[in-house]
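So the chains spell out like this:
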Amino acid sequence: MKEFVQIIKGHYDDNGVVKAIDILNDKPLTADYMKTRPDIKQRVEKAINTKTYLATYQRGTRLGFKWITQEEQTNYMDGALNDKSPVEGTKVTKLVSDFKHATPPKDFFIDKLKWKFLVRNIEKGKNIMMTGPSGCGKTDATFKAANYLEREVHYFNLGATQDPRSTLIGNTHYNKDSGTYFSESLFVNAIQQENAVILLDELSRAHPEAWNILMTVLDPIQRYLRLDEKDDSPTIKVADGVSFIATANIGMEYTATRVIDRAILDRFSLIEMDVLSEDDEYTLLKGKFPTIDENQLLQLCSIVGDIRKEINTDSPRISTMISTRNTIEIAELIMDGFSIHDASELLIYPLFPNDGNDSERVFVKQLIQKYVGNKNKKQLFDTENI
Ligand SMILES: Nc1ncnc2c1ncn2[C@@H]1O[C@H](COP(=O)(O)OP(=O)(O)OP(=O)(O)O)[C@@H](O)[C@H]1O
Ligand SMILES: [Mg+2]
């Protein structure tokens, strides 16, 4: 049997536009792609009209096409799954933790080069700062990369602490019998463990005193923690191979974020996390929620994609976007039987201020109605028929 590269399932949407999803790789064919490939669009239409799937295979340097029946499709995909598992198994048993061959985990979407850089920096005990908007995977990427290298993550949320000294250094206590004594923080303990990955989450929200304390710790030449302000106070050495990973929301939108001190910023290599593309988000959601109807998922991804497009225009009419964290939450609702319309009402609209006729919320509502409005009309029509 031929080795298929894609198996494309097509349908007409409510507006009669041809939509296609590659169900072998769980990737929608974008509208832009369909525009540039009228030949593919034509083949997909043939598949729709003949109730078949369009399978593509490599023929030299070009793609060959074959229309297959539903049965052939199921058989092929079952077989492909079985074939694939041993290969995947070998990938999982990682023999060497070698960043040169590091590829991102299947369920995490990050630029290959950035992933390699992240893994390499952890492996070499270097400091990394992950930046990007909320919910784009900064925290998760750190856990996934540490996990890939089988290293333990010590997690410190600096955004949530008002008392950096006790979080990073420790507390002085008093005891009737032994008098005053000092109890070290978990951070002091963590930095003394070889090859530890220390996640300084939300460093951009940290109290400036935290930055002062961390200044020597993060300096690649100094790498020590001073237990007191006094110059002659004892210091703790950072163990070999320890890598510090900080996360930061950098940008106008994040008001609680302080502007990070330049000297602190200088101590890190920056990794800018990207917002997921519409395709990748579809693949992520399809993997997480395989039972959600494909068209519904596609609709959700288009809505989210359109909102993100708007925020990237020169004069955006909205001030925030929908993060992957939000999208996952919305998909959970849809899986529990909520309609896209209801899920938007609950989870999307509240993100946008509602202050007058030209409000951001009105804009977003209109955008969403473009997708779900038609459906409602149709439903209305159906009930009239009954
Ligand atoms: N690129 C991605 N690939 C797969 N899942 C992602 C990706 N980005 C975000 N997610 C998922 O979205 C959720 C939020 O991600 P995460 O907590 O890492 O965001 P964050 O960037 O740390 O956000 P914040 O700035 O608000 O702390 C997680 O469930 C994560 O798995
Ligand atoms: Mg985070």
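Provided above is the structure to which this section pertains.
Procedures and definitions
- Residue positions are given per chain, counted from 1 along the sequence in the order it is written.
- The lettering of chains begins at A and the numbering of ligands begins at 1, in the order of writing.
- pLDDT decides what is reported in this predicted model: residues at 70 or higher carry local features, side-chain atom pairs at 80 or more are listed and counted, and totals for whole chains, interfaces and linings draw on all residues regardless.
- Values shown for side chains rest on all heavy atoms present in the structure; no hydrogens or waters enter the calculation.
- For each residue, the test is whether any non-hydrogen atom lies within 4 Å of the molecule or strand; if one does, the residue is near.
- Two N or O atoms count as a polar contact when they lie within 3.5 Å, although within protein this holds only if one can serve as hydrogen donor and the other as acceptor, and sequence-adjacent residues are included solely when both atoms are side-chain atoms.
- Accessible surface area values rest on a Shrake-Rupley calculation with a 1.4 Å probe, where residue burial reflects the displayed protein chains alone.
- Secondary structure counts use DSSP, requiring at least four H or I residues in a row for a helix and at least two E residues in a row for a strand, with both numbered from the N terminus.
- In the scheme used here, Gly and all other residues not listed as nonpolar or charged are polar, with Ala, Val, Leu, Ile, Met, Phe, Trp, Tyr, Cys and Pro taken as nonpolar and Asp, Glu, Lys and Arg as charged.
- An automatic or database domain assignment supplies the start and end points of every domain.
- Any two strands with at least two DSSP bridges between them are considered paired.
- In plain words, nonpolar cores are sets of buried Ala, Val, Leu, Ile, Met, Phe, Trp, Tyr and Cys residues tied together by side-chain atoms within 4.5 Å.
- Buried residues are those whose accessible area, probed at 1.4 Å on protein chains only, stays under 20% of the maximum for their type, while exposed residues exceed 50% and partly exposed ones sit between those limits.
- In this analysis, two residues are considered to be in contact whenever any of their non-hydrogen atoms come within 4.5 Å of each other.
- Between the N-to-C directions of two axes lies an angle of 0 to 180 degrees, each axis being a line fitted to C-alpha atoms and, for a helix, fitted only over the stretch in contact.
- Under this scheme an angle from 65 to 115 degrees is roughly perpendicular, one under 35 degrees roughly parallel, and one over 145 degrees roughly antiparallel; angles in between are oblique.
- Crossing handedness follows the turn of the near helix against the far one: under a right angle anticlockwise gives a left-handed crossing, and clockwise gives a right-handed one.

A. A look at the site of ligand 1. In the vicinity of ligand 1, 17 residues are found, and the nearest of them are Phe109, Ser134, Gly135, Lys138 and Asp140. Here an oxygen atom of ligand 1 sits 2.5 Å away from a polar atom, N or O, in the side chain of Ser134. One of the side-chain nitrogen or oxygen atoms of Lys138 is found 2.7 Å away from an oxygen atom of ligand 1. Protein chains bury 86% of the 630 Å² of accessible surface belonging to ligand 1 in isolation. Looking at the shell around ligand 1, the elements that each hand over two or more residues are helix 5 (138-148) and helix 12 (324-335). Among the residues forming the shell around ligand 1, the class breakdown is 6 nonpolar, 6 polar and 5 charged. Looking at which domains feed residues into the shell around ligand 1, each of domain 2 (102-272) and domain 3 (276-386) gives three or more.

B. Layout of the pairing of strand 5 (residues 62-68). Where strand 4 (residues 53-59) and strand 5 come together, 7 bridges link them in antiparallel fashion. Across the sheet, residue Ala55 finds its bridge partner in strand 5, namely Lys66. Between the antiparallel neighbours strand 4 and strand 5 lie 2 residues, among them Gly60 with a positive phi of about 65°.

C. The nonpolar core, seen in detail. The biggest cluster of nonpolar side chains holds 42 residues, and the ones touching the most others in it are Phe4, Ile7, Leu285, Leu300, Ile307, Ile348 and Val364. Mapped by element, the contributors of at least two residues to this core are strand 1 (4-12), strand 4, helix 10 (278-288), helix 11 (294-311), helix 12, helix 13 (340-348) and helix 14 (360-385). Per element, the largest residue contribution to this core is 7 residues, and it comes from helix 11. Apart from residues lying up to four places away in sequence, Ile7 is in contact with Ile21, Asp22, Ile23, Leu24, Tyr53, Leu54, Ala55, Ile68, Gln73, Tyr76 and Met77. Counting residues in each nonpolar core, the second largest holds 33 residues, with Leu158, Ala206, Trp211 and Met215 among its members.

D. Examining the sheet that holds strand 7 (residues 153-157) more closely. Here 5 strands make up an open sheet; going across it, the order is 7-10-13-6-14 and the pairing parallel. What marks the edges here is a single partner per strand, and that holds for strand 7 and strand 14 (269-272). Direction aside, the axes of adjacent strands within the sheet are offset by 20° on average. The pairing of strand 6 (residues 128-131) with strand 14 spans 4 bridges and is classified as parallel. Along strand 14, the bridge assignment pairs Met130 with Ile271. The sheet contacts of helix 4 (residues 112-123) involve strand 6, strand 10 (197-201), strand 13 (243-248) and strand 14, and relative to strand 14 the element is tilted by about 145°. Against the sheet, helix 5 contacts strand 6, strand 7, strand 10 and strand 13, and its axis sits at roughly 175° relative to strand 10.

E. Quick look at the packing of helix 4 against helix 5. Running from amino to carboxyl end, helix 4 crosses helix 5 at an angle of 60°, the nearest separation of the two axes being 10 Å. By the criterion of interaxial angle, the relationship of helix 4 to helix 5 is oblique. For helix 4 against helix 5, the interelement crossing comes out right-handed. Each of Trp115, Leu118, Val119 and Ile122 in helix 4 lies in contact with helix 5, whose residues at this interface are Ala141, Lys144, Ala145, Ala146 and Tyr148. In terms of residue class, the contact of helix 4 with helix 5 is made up of 8 nonpolar, no polar and 1 charged.

This is a description of form; function is not addressed.
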